[in-house]
Amino acid sequence: MYESFLFIHSYLRWIILVLMLVVIAKSYMGWLGSKEYLKFDETSSKIFQNLIRLQFVIGLALYLFLSPLTEAAFADFGAAMKNADLRYWAVEHIFAMFVAIALIEIGGSKAKKASTAVSKFKFQAIFFTIALLIMLSRIPLDAERLFR
C-alpha cells in the first residue's frame, strides 16, 4: 500500500506543477492584460485546487500512517532532527506544503469572492506564485529523494 500511495504522490506532483504553471501564467496575463475571466480560467483553477487537495490527503496518509521514514522519525524525534533526511521528511517537507496549500486555499477563496476579473487574476497570480516558490523549495527533485 505504501508503494502505491508513494507512486501516486510522486507522479501527481508533475501534473500539479504543470497545471499550476498554466494557471499562474494565465493569471498574470489576465491581470496585467486586463482580460476577461473565462470559463477555462475558472475550470483550470478549480481542477488545480482539487488536485492539490487530493495530493495533500495522499501526503497526509503517507506521513501519518504509511511512511517508514516518518515512523522512524517519530520513534526518536530528537535523533531525527540531527539527521538531515529524516528531518526533511518529518518537518521541512510537510511544513512547507501546509503553508503552500494554505496560500492556495486563501488565493482561490479571494479570487472566487473578487468582484472583477482583474482582481480574480491578481489574487491567483500572487498567492499561487508564492505557493509555487515554497513548494519548489521542498519538493524532492534530486534522484536520491525522488522515490522515497
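Residues numbered from 1 in each chain as written. Predicted model: local features only at pLDDT ≥ 70, side-chain atom pairs only at ≥ 80, totals over all residues. Heavy atoms only, no water.

1. A short note on the environment of K82
Rules: Secondary structure elements are taken from DSSP: a helix is a run of H or I of four residues or more, a strand is a run of E of two residues or more, and numbering for both begins at the N terminus. When a residue's accessible area, from a 1.4 Å probe over protein chains only, is under 20% of the maximum for its type it is buried; when over 50% it is exposed; and in between it is partly exposed.
Inspection of the secondary structure assignment puts K82 in helix α4 (residues 77-82). Taking relative accessible area as the criterion, K82 reaches 74% and is therefore assigned exposed.

2. Structural notes on the packing of helix α1 (residues 2-32) against helix α2 (residues 39-66)
Put simply, the test is: In this description, a line fitted to the C-alpha atoms serves as the axis of each element, helices being fitted only across the stretch in contact, and the angle between N-to-C directions of two axes falls anywhere from 0 to 180 degrees. Reported orientations rely on four angle classes, namely roughly parallel under 35 degrees, roughly antiparallel over 145, roughly perpendicular from 65 to 115, and oblique for the rest. Throughout, a crossing is termed right-handed when the near helix is turned clockwise from the far one, and left-handed when it is turned anticlockwise from it by less than a right angle. Amino acids are sorted into nonpolar (Ala, Val, Leu, Ile, Met, Phe, Trp, Tyr, Cys and Pro), charged (Asp, Glu, Lys and Arg) and polar (every other residue, Gly among them).
In the contact formed by α1 and α2, the axes pass within 9 Å of each other and the chain directions differ by 150°. Classified by the angle their axes make, α1 and α2 are roughly antiparallel. Crossing hand, α1 versus α2: left-handed. Classifying every residue of the contact of α1 with α2 gives 21 nonpolar, five polar and three charged.

3. Details of helix α6 (residues 117-138)
Note the cut-off: Each helix should span, by expectation, one fewer than its residue count multiplied by 1.5 Å. Here, residues are in contact when the closest pair of their heavy atoms is within 4.5 Å.
For α6, with 22 residues, the first-to-last C-alpha span of 32 Å sits near the 32 Å given by 1.5 Å per residue. Among the residues of α6, those classed as buried are K120, F121, Q124, A125, F127, F128, T129, A131, L132 and M135. Those residues of α6 hidden inside the fold are in contact with α1, α2 and α5 (84-113).

4. Some points on the nonpolar core
The condition is simple: We define the nonpolar core as a collection of buried residues of types Ala, Val, Leu, Ile, Met, Phe, Trp, Tyr and Cys that are connected through side-chain atoms lying within 4.5 Å of one another.
Within the largest apolar cluster, 25 residues are counted, with the highest numbers of intra-cluster contacts made by I16, M20, F48, I104, F128 and M135. When residues of this core are traced back to their parent elements, those giving at least two are α1, α2, α5 and α6. Of the residues forming this core, the biggest block, nine residues, is contributed by α1. Those residues in contact with I104 that sit more than four places away from it in its chain are M20, F48, Q49, I52, F128, A131 and M135.

5. Observations regarding a nonpolar patch on the surface
What counts, and what does not: Note that patches include only residues with greater than 30% relative accessible area and no salt bridge, and the join distances are 9 Å for like charges and 5 Å for nonpolar side chains (Val, Leu, Ile, Met, Phe, Trp, Tyr). Only the protein chains shown count as cover for residues, and all accessible areas are computed by the Shrake-Rupley method using a 1.4 Å probe. When a carboxyl oxygen of Asp or Glu lies within 4 Å of a side-chain nitrogen of Lys or Arg, that pair is called a salt bridge.
Residues F7, I8, Y11 and W14 make up a contiguous nonpolar surface patch of roughly 410 Å² in combined accessible area. On the secondary structure map, I8 appears in helix α1. Overall, I8 belongs to the partly exposed group, its relative accessible area being 41%.

6. Some points on the packing of aromatic side chains
What counts here: Classification of ring pairs uses Phe, Tyr and Trp, with its six-membered ring standing for Trp, and accepts pairs whose centres are within 6.5 Å; under 30 degrees between planes counts as stacked, over 60 as edge-to-face, and the remaining range as tilted. Lysine and arginine charges are scored as sitting over a ring when NZ or CZ, respectively, is within 6 Å of the ring centre and within 35 degrees of the ring normal.
Considering all chains together, one arrives at eight aromatic pairs under this definition. Note on F56 and F98: the rings are 5.3 Å apart at their centroids and 70° apart in plane angle, and the pair reads as edge-to-face. One end of the pair, F56, is in helix α2; the other, F98, is in helix α5, and 42 residues separate them in sequence. For F56, a relative accessible area of 25% gives the class partly exposed. Among the residues examined, F98 registers a relative accessible area of 40% and is labelled partly exposed. Through a chain of ring-to-ring contacts, the aromatic side chains of Y63, F74 and F77 assemble into a single cluster. When the ring centre of Y37 is taken as reference, the NZ or CZ atom of K120 above it lies at 5.6 Å.

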